Amino acid sequence: MSGWVDAVADPGWDHAAFFATVALDRTAAQRPHLAYRGVNGAVRYVVGGTFQIPTMVGTSSMEHASRMLAVDSANVPHLVFLSTSSGDLVYVSLTGSNWPVETVSQAGEAPDYISVAIDGMNAAHIAYYDSASHTLKYAHRTAGTPGVWTRETIDNVGDVGRWASLAVDGRQTPHVAYHDATTGELKYARRPGRAWEKLLIDSAFTPLKFCSLAVDKDGNPHVSYFDVNRTLKYASY
């Protein structure tokens, strides 16, 4: 690699790029896909190498999102965001030239801190914080079953789930890193079978913010985050 190459993906001065997420093609081309929320609430999507005019996918009032975009094995983009019109957590994927909308959250929920991943079978996985019940929740649907979502609670002990960051390994196992606001701890959960396993990552996470999770080829989690001492840290298991 000889150096950084810059490109303008969206020249619109009024668009901005809150919660900007990048994902790459899973094929050799490795084109970059970008999704973001503009200052006016517009959720936009654009794909490189030569960036074209961004597509407006919907409008959103969301305040936090760890990862709002993922790409499947056919290089199809999948986005999640909080809908301005309904207040629901919604999921869209590009079908032809359309973006059919599926509602993920349930009545009475207040989703925030959203993160999405697509596994090797093209199933969708979503983790989010429900600020109404102060719990960390998870939704899943298999490929080819539009609108059929399985929902469950990952953790409901205390006020848990802010800064949720989700990844899925090669065995289709979901992994989530998240904040416990009651104890001030950074926590981690995974579901290798039917039950969620939970571990403590760091007890000095609060009051700062942000964490990001990835899993390697062996299914091991890697997390970066800020701790209470304003230090950027990295943890692996």
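Check the entry above for the structure.
What comes next concerns the included structure. All of these numbers come straight from a predicted model, not from anything done at the bench.

**Describing the sheet that holds strand E12 (residues 135-141)**
As summarised here, the arrangement of the five strands in space is E5-E10-E11-E12-E13, forming an open sheet in which the pairing is mixed. This sheet does not close on itself; its edge strands, each paired only once, are strand E5 (65-67) and strand E13 (150-155). Geometrically, the sheet is characterised by an average inter-axis angle of 20° between neighbouring strands, direction not taken into account. Strand direction decides the pairing type here: strand E11 (residues 124-130) and E12, joined by seven bridges, are antiparallel. The residue bridging Ile126 from the neighbouring strand is Ala139, located in E12.

**Observations regarding the nonpolar core**
Membership of the largest hydrophobic core comes to 14 residues, with the highest contact counts inside it found for Val43, Val57, Met68, Leu79, Phe81, Val92 and Trp99. Broken down by secondary-structure element, the contributors of at least two residues to this core are strand E3 (42-47), strand E6 (69-71), strand E7 (77-82) and strand E8 (89-93).

**Overview of a nonpolar patch on the surface**
There is a patch of nonpolar side chains on the surface, built from Phe210, Phe226 and Leu232 and spanning about 320 Å² of accessible area. Mapped onto the fold, Leu232 is located in strand E20 (residues 232-236).

**Let's talk about unusual backbone geometry**
Trans is the common state for peptide bonds, and a negative phi is the common state for residues other than glycine. With a phi angle near 50°, Tyr113 is a residue other than glycine that sits in the positive phi range. Structurally, Tyr113 is set in strand E10 (residues 111-118). If you check the backbone angles, Trp163 has positive phi at about 60° while not being a glycine. Residue placement: Trp163 occurs in strand E14 (residues 160-168).

**With respect to the sheet that holds strand E19 (residues 221-226)**
Pairing in this open sheet of three strands is antiparallel, and the strands run E18-E19-E20 from one edge to the other. Sheet topology places strand E18 (211-215) and E20 at the edges, where each strand pairs with a single neighbour. On average, adjacent strands in this sheet sit at an angle of 15° to one another, irrespective of strand direction. By the bridge criterion, five bridges tie E19 to E20 in an arrangement that is antiparallel. Looking across to E20, one finds that Tyr225 is bridged to Lys233.

**What about the packing of aromatic side chains?**
Under the criterion given, the structure shown has six aromatic pairs. On the basis of an interplanar angle of 75° and a centroid distance of 5.1 Å, the ring pair of Tyr91 and Trp149 is categorised as edge-to-face. Taken together, the residues Tyr91 in strand E8 and Trp149 in the loop between E12 and E13 connect sequence positions 58 residues apart. Assigned by exposure class, Tyr91 and Trp149 land together as buried. Aromatic pair Trp163 and Phe210: ring centres 4.8 Å apart, planes at 65°, arrangement edge-to-face.

**Section: the environment of Ala235**
Within the fold, Ala235 resides in strand E20. Taking the relative accessible area as the measure of exposure, Ala235 reaches 19% and is therefore buried. A C-alpha to C-alpha distance of 8.2 Å links Ala235 and Pro221, two positions 14 residues apart in sequence. Apart from the residues within four sequence positions on either side, Ala235 is in contact with Ile201, Pro221, His222, Val223 and Tyr225.

**Topic: the side chain of Ser115**
Position of Ser115 among the secondary structure elements: in strand E10. Overall, the relative accessible area of 0% leaves Ser115 in the buried class. A distance of 3.0 Å separates a polar side-chain atom of Ser115 from the backbone nitrogen of Leu166. When near neighbours in sequence (up to four residues on either side) are disregarded, Ser115 contacts Ser66, Arg67, His125, Ile126, Ala127, Ala164, Ser165 and Leu166.

**With respect to the pattern of salt bridges**
Summed over all chains, the structure comprises 11 salt bridges. Ionic pairing is found between Asp159 and Arg162, a salt bridge with its closest N-O pair at 2.9 Å. Connected through shared salt-bridge partners, Glu109, Asp130 and Lys137 make up one network.

**Brief notes about the pairing of E14**
Across a regular strand the side chains alternate sides, sitting on one face of the sheet and then on the other. Counting buried positions along E14 yields eight of nine residues, so the element is predominantly enclosed. As defined by bridge partners, E14 adjoins strand E15 (residues 174-180) across six bridges and the pair is classed as antiparallel. Bridged to Arg162 within E15 is His179. Counting the residues in the hairpin turn of E14 and E15 gives five residues, including Gln172, whose phi is positive at 70°.

Each value, and the rule that gives it
- Residues numbered from 1 in each chain as written.
- Predicted model: local features only at pLDDT ≥ 70, side-chain atom pairs only at ≥ 80, totals over all residues.
- Heavy atoms only, no water.
- Pairing = 2+ DSSP bridges.
- Helix = DSSP H or I, 4+ residues; strand = E, 2+ residues; numbered from the N terminus.
- Axes fitted to C-alpha atoms, helices over the stretch in contact; angles between N-to-C directions.
- Core = buried A, V, L, I, M, F, W, Y, C linked by side-chain atoms within 4.5 Å.
- Buried < 20%, exposed > 50% of the residue type's maximum accessible area, 1.4 Å probe, protein only.
- Patch = residues over 30% accessible without salt bridge, like charges linked within 9 Å, V, L, I, M, F, W, Y side chains within 5 Å.
- Areas by Shrake-Rupley, 256 points an atom, 1.4 Å probe, with all protein chains shown as cover.
- Salt bridge = Lys/Arg side-chain N within 4 Å of Asp/Glu carboxyl O.
- Phe/Tyr/Trp six-rings, centres within 6.5 Å; stacked < 30°, edge-to-face > 60°.
- Contact = heavy atoms within 4.5 Å.
- Polar contact = N/O pair within 3.5 Å; in protein donor to acceptor, adjacent residues only side chain to side chain.

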